[in-house]
Amino acid sequence: MPEATPIDAAPVTESESFEALKQIAGRRTRPIPADLLARHALELPGTWDWPVRRAAFEAILRRLASARAQEIAVLERPRPGPWGRYVLGRPEVEGALVYDVRLAAGKPFRGSCDCADFLRGSLGLCKHLLTVVADLAGNNRAWRAVVGAPAAPLPRIVWEAATAATGRVDPLDAFGLTPPGGRGRPPAGSLVRLFRPAKAGPWRLATSHTGAPEARMRLVRALQDHVGAAGASADPAAVVVLAEERARLERIARLRAAAPRIEGALGRTKRRLYSYQKTGVARFFTEGRLVLADDMGLGKTTQAIAAAGALFDSGLVRRGLFVVPASLKPQWEREWHAVSDTPLRVVDGNATDRRAMYQSTRRGFLVTNYEQVVRDFDAIWAWAPDMVVLDEAQRIKNWATKTALTIKRLRPLYRLVLTGTPMENRIEELASIVEWVDDRALEPKWRLVPWHSAYADGKREVIGARNLDTLRARLAPVLLRRVRAEVLAQLPSRQDTTVPVDLSAEQRTAHDDLLQPIAVLAGKARRRPLTPPEFLKLMTLLATQRMIANGMAQLNFESTWPTIRGRAPTPPLIESLSSPKLLELRELVSSLVITQKRKVVVFSQWRRMLDLAAWAVSDLLATDGLRALFFTGHERGRRRTQNLVDFHDDPTAAMLFLSDAGGVGLNLQKAANACINLELPWNPAVLEQRIGRIHRIGQKRPIDVYNLVSRACIEERIASLVSDKRALFKGLFEGTTDQLRFDRSSALFAVLERIVEPAQLPPLSSQPSTRDEDESAVDPLVPEDTELPIAPAGGGVADVAQLFQALHVECAPDGGLRIEAPPHAAAALISMFEGMAKLLGGTSRTA
């Protein structure tokens, strides 16, 4: 069909920009004349420069292409046309939405639509309006009517989508009243009082009552009454905007009314909130929606749990959903029970099990992961949570991903987003995260990049950022971020954080291959005492599993190290090593050392793991002119002294890598205030010795401790053992109760059962078993700083407690140690020491 006749020229059409936009359009706008759309882009309100005007035009072209691709059709049209109400939809799609569109003028182009894009796009048009225009332009007779007809009378109340606002956008500011002398009907007297007369154009609201929810609600209700009375002539966008604003104000009113109950519930949390955390929770309760972007280690999890529990206890929330990375579900469950008594269940199992869990949970909270939300969306939608919390919300930073699109289809009343990195690379990522909480804060998307980027050539080469004050102003109401330096005085003296790490497929296979031989030895220990060779073999297998948990690069160090030493530690290269802990370490170093400018100590039981760790972060340090030092048993005394001095006095010496043997007795509290444990030792006393290097008298800053723990393997089970042992220590030396109950047994056989899960233990036999003739001791794969659980080799494993109770230990006058054992315990004790000697003797061969 031939292209319609162009609309009459206007002064803007004489500009070079107009010609450039027409050239960009080419034939893509047909049958709509390209000059109509180019003129519309150039006449948008505001003093925009060329990058923004071009971006506006390209946004229009994208909407036109989308309308064609989706085959949007005109279902109803006004009689007579062309001005009036159109209804649009997709008749071939069952259940598809229909849209209310009003076309009011052709030059300049003016219309309204009730779709989200019209309300948020600031273009004054959308794909539905473009569909109407294309439908008219495809018919020469209809198009002539558009060109020649005077504009239609405006509704009494209009909402102008295209605004010049660059700062915080108040949707009520875009409302206008057709003036009494205009072509519209004179407005009623009560309505006139709400607006401020203007010499030209629509009258504006006298005040929008920002910050006064009750007065603002009265204003919204008054506008709704007049818009509702307009019937078919109402502005469709105005109807939707007022409904949205009323829903927001009703949510705020409910929170304010429940404030005393919320305050009381917060006072009952099991974990005391620090002042800045109370501020964060209170900020969420102002509107019930927030992006909490606190720096790492400031307790976003605690704040989210406290807020959720308070809403539940106050009766505002019946059901809530926490969406977290799969690897963090166990950690969230532990933290939840440490903070709140509110009911919580973890969503797991097959699809049928998960669906049943949603259907059976009438009240309380569920924790699921992002992948499950995509698979279980229908069940979640039917469950209808009142509150949804997103953890590590960078998962929705890309608009077009299936995960982001699915999450944003959820429509809970209360929404809380947690992320320590709200923007990793681009402003668009930040906008995608913020959008689910407040979809006006950073709209329109098409304007973000050109408005906030400084270009060298007007389009492609970005040489800087601009208008950041505007960006901050728009983010301020919806995003809260505190960095460590801001709340330093409020932080606890020590904060421990477990960083869960998923095993790679190669790690999982290697780890699980050792479960059966460990289970065999554990079965023997259940029936009889292990012999020294059997005990050493068991310790070797457990140590090997621990190395695998650290990464295949450590297990295969001799073959791996020569191939990577000297190469740049790029994330793809590190990922190829099946050592995911190294990637987690890079994230921590990037935050603690590079961003927060802190000095950090890193501990491992293995020197080889320390070598790999130092290599993995070497490029991050080098970029900022920083370096790492070692303090282990491998350095000579003079070098260790030099490294210690440099770590304290040289600002470029940002990291110190230590082994347990090398780190004993050091005082590092004046240099560092963060500790990273690449793995947990068996013994909690060793763990406390590590942390005690920086957490001691003289440390004037709060410290952070990060423990990297591989999930669903021996390391995670060791973490639970360490927790029980620490509970005993605290109960003995810091508690006042007479009894202390562990969640699990701490006998060695029970420990082995927990370590070898889910391997099948050999069945019990009623007959005593003898040692297999073909079994022999295996040289242990132990590091230079070996620290293993001790059991009597050849003594009764079940009688460990009795053995040590029978000993008498005292200090000799010369400062030595004297151990006396009765005859029945002496043999077991000697056997144990012999086994330890053999075990430690292998250290020099495997260092």
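Residues numbered from 1 in each chain as written. Predicted model: local features only at pLDDT ≥ 70, side-chain atom pairs only at ≥ 80, totals over all residues. Heavy atoms only, no water.

A.B. asks: In this structure, what is going on with the overall build of the chain? I would like to understand it.
C.D. replies: The helix and strand inventory of the chain stands at 37 helices and 25 strands. Here the chain, with 847 residues, has 51% of them falling under the buried criterion. In the chain, the proportion of contacts linking residues at least 24 apart, taken out of those at least 6 apart, comes to 72%. Looking at the chain as shown, the accessible area adds up to about 38800 Å², and 53% of this sits on carbon and sulfur atoms. (Helix = DSSP H or I, 4+ residues; strand = E, 2+ residues; numbered from the N terminus. Buried < 20%, exposed > 50% of the residue type's maximum accessible area, 1.4 Å probe, protein only. Contact = heavy atoms within 4.5 Å. Areas by Shrake-Rupley, 256 points an atom, 1.4 Å probe, with all protein chains shown as cover.)

A.B. asks: Is there a simple way to explain the side chain of Arg-693 in this structure?
C.D. replies: Examined against the element boundaries, Arg-693 turns out to sit in the loop between α32 (684–691) and β23 (703–710). The buried charged residue Arg-693 lacks any salt bridge, with Asp-660 as its nearest oppositely charged partner at 8.6 Å. One polar contact links the side chain of Arg-693 to the main-chain carbonyl oxygen of Gln-689, over a distance of 2.7 Å. (Lys, Arg positive; Asp, Glu negative; His and termini not counted. Salt bridge = Lys/Arg side-chain N within 4 Å of Asp/Glu carboxyl O. Polar contact = N/O pair within 3.5 Å; in protein donor to acceptor, adjacent residues only side chain to side chain.)

A.B. asks: Honestly, the pattern of salt bridges in this entry has me stumped. Any pointers?
C.D. replies: Opposite charge on two side chains makes pairing possible when the charged atoms of those side chains draw close. Considering all chains together, one arrives at 48 salt bridges under this definition. With a closest N to O distance of 2.7 Å, Arg-248 and Glu-245 form a salt bridge. One end of the pair is Arg-248 and the other is Glu-245, both in helix α9 (residues 236–257) and 3 residues apart, which spans about a single turn. Connected via shared salt-bridge partners are Asp-170, Arg-216, Glu-245, Arg-248, Arg-251 and Glu-287.

A.B. asks: Help me out: how do you make sense of unusual backbone geometry in this one?
C.D. replies: Leaving glycine out, the prevailing phi sign among residues is negative, and the prevailing peptide bond configuration is trans. For the peptide bond that leads from Arg-79 to Pro-80, omega is -5°, which places it in the cis range. Its place among the elements puts Pro-80 in the loop between β1 (73–76) and β2 (84–89). In this structure, the amide linkage connecting Glu-443 to the following residue, Pro-444, adopts the cis form with an omega of -5°. With respect to the helices and strands, Pro-444 occurs in the loop between α18 (427–435) and α19 (445–452). You will see that Asn-467, though not glycine, has its phi angle at about 55°, which is positive. Its location among the elements puts Asn-467 in the loop between β16 (462–465) and α20 (468–475). Using a relative accessible area of 26% as the deciding quantity, one classes Asn-467 as partly exposed. Of note in the backbone geometry, Lys-597 takes a positive phi value of approximately 60° without being a glycine. Here Lys-597 is to be found in the loop between α27 (580–595) and β19 (600–603).

A.B. asks: Mind showing me how you'd approach the environment of Leu-298 here?
C.D. replies: Tracing the chain through its elements places Leu-298 in the loop between β9 (289–292) and α12 (300–313). Assessed through its relative accessible area of 0%, Leu-298 is described here as buried. Along the backbone, Leu-298 and Arg-482 are 184 residues apart, and their C-alpha atoms lie at a distance of 8.2 Å. The residues touching Leu-298, leaving out its near neighbours within four places in the chain, are Tyr-276, Gln-277, Gln-303, Arg-482, Val-483, Arg-484, Val-487, Leu-491 and Gln-495.

A.B. asks: Is there a simple way to think about the sheet that holds strand β4 (residues 109–113) in this case?
C.D. replies: In a beta sheet, neighbouring strands are held together by backbone hydrogen bonds and run either parallel or antiparallel to one another. Taken together, 4 strands build an open sheet; the order of strands is β1-β2-β3-β4 and the sheet is antiparallel. In this open sheet, the two edge strands, each paired with only one partner strand, are β1 and β4. Recorded for the sheet is a direction-independent mean angle of 40° between the axes of neighbouring strands. Here strand β3 (residues 99–106) pairs with β4 via 5 bridges, running antiparallel. Counterpart to Val-101 in the pairing with β4 is Cys-113. (Pairing = 2+ DSSP bridges. Axes fitted to C-alpha atoms, helices over the stretch in contact; angles between N-to-C directions.)

A.B. asks: Would you mind showing me how to read the confidence of the model for the chain here?
C.D. replies: A low pLDDT means the predicted coordinates there should not be read in detail. Per-chain confidence: the chain averages 82 in pLDDT, with 81% of residues scoring 70 or above. Below pLDDT 50 for its whole length, residues 731–736 participates in 3 contacts with residues either more than four positions away or in separate chains. In this model residues 738–743 is a low-confidence stretch, pLDDT under 50, and it forms 7 contacts with partners more than four residues away in sequence or in other chains. (pLDDT = per-residue confidence, 0-100.)

A.B. asks: In this structure, what is going on with the packing of helix α21 (residues 505–513) against helix α22 (residues 515–527)? I would like to understand it.
C.D. replies: To characterise two packed helices, one gives the angle between the axes of the helices and the distance between these axes. Their axes nearest at 5 Å, the elements α21 and α22 cross at an angle of 25°. One element, α21, and the other, α22, form an angle in the roughly parallel class. Residue-level contacts link His-511, Asp-512 and Asp-513 of α21 to Leu-515, Gln-516 and Pro-517 of α22. Class assignment for the residues of the contact of α21 with α22 results in 2 nonpolar, 2 polar and 2 charged. (Parallel < 35°, antiparallel > 145°, perpendicular 65-115°, else oblique. Nonpolar A, V, L, I, M, F, W, Y, C, P; charged D, E, K, R; others polar.)

A.B. asks: It is not clear to me how the nonpolar core should be interpreted in this structure. Could you clarify?
C.D. replies: Ile-32, Phe-118, Trp-159 and Phe-175 are the most contacted members of the largest nonpolar core, which totals 72 residues. Sorting elements by how many residues they give to this core places helix α3 (residues 50–69) first, with 9 residues. Formed by 38 residues, the second largest nonpolar core is a distinct cluster that contains Ile-594, Leu-612, Leu-620 and Leu-678. (Core = buried A, V, L, I, M, F, W, Y, C linked by side-chain atoms within 4.5 Å.)

A.B. asks: What is the right way to look at the pairing of strand β13 (residues 387–390) in this model?
C.D. replies: For a regular strand, side-chain orientation follows a simple rule: the groups alternate between the two sheet faces. Burial along β13 is two-sided: the face carrying Met-387 and Val-389 and the face carrying Val-388 and Leu-390 are both buried. Bridge analysis of β13 against strand β14 (residues 414–418) gives 4 bridges, and the strand direction is parallel. Across the sheet, residue Met-387 finds its bridge partner in β14, namely Tyr-414. Taken together, β13, helix α17 (residues 402–407) and β14 constitute a β-α-β crossover, and its handedness is right-handed. (Right-handed = clockwise from strand over helix to strand, strands pointing away.)

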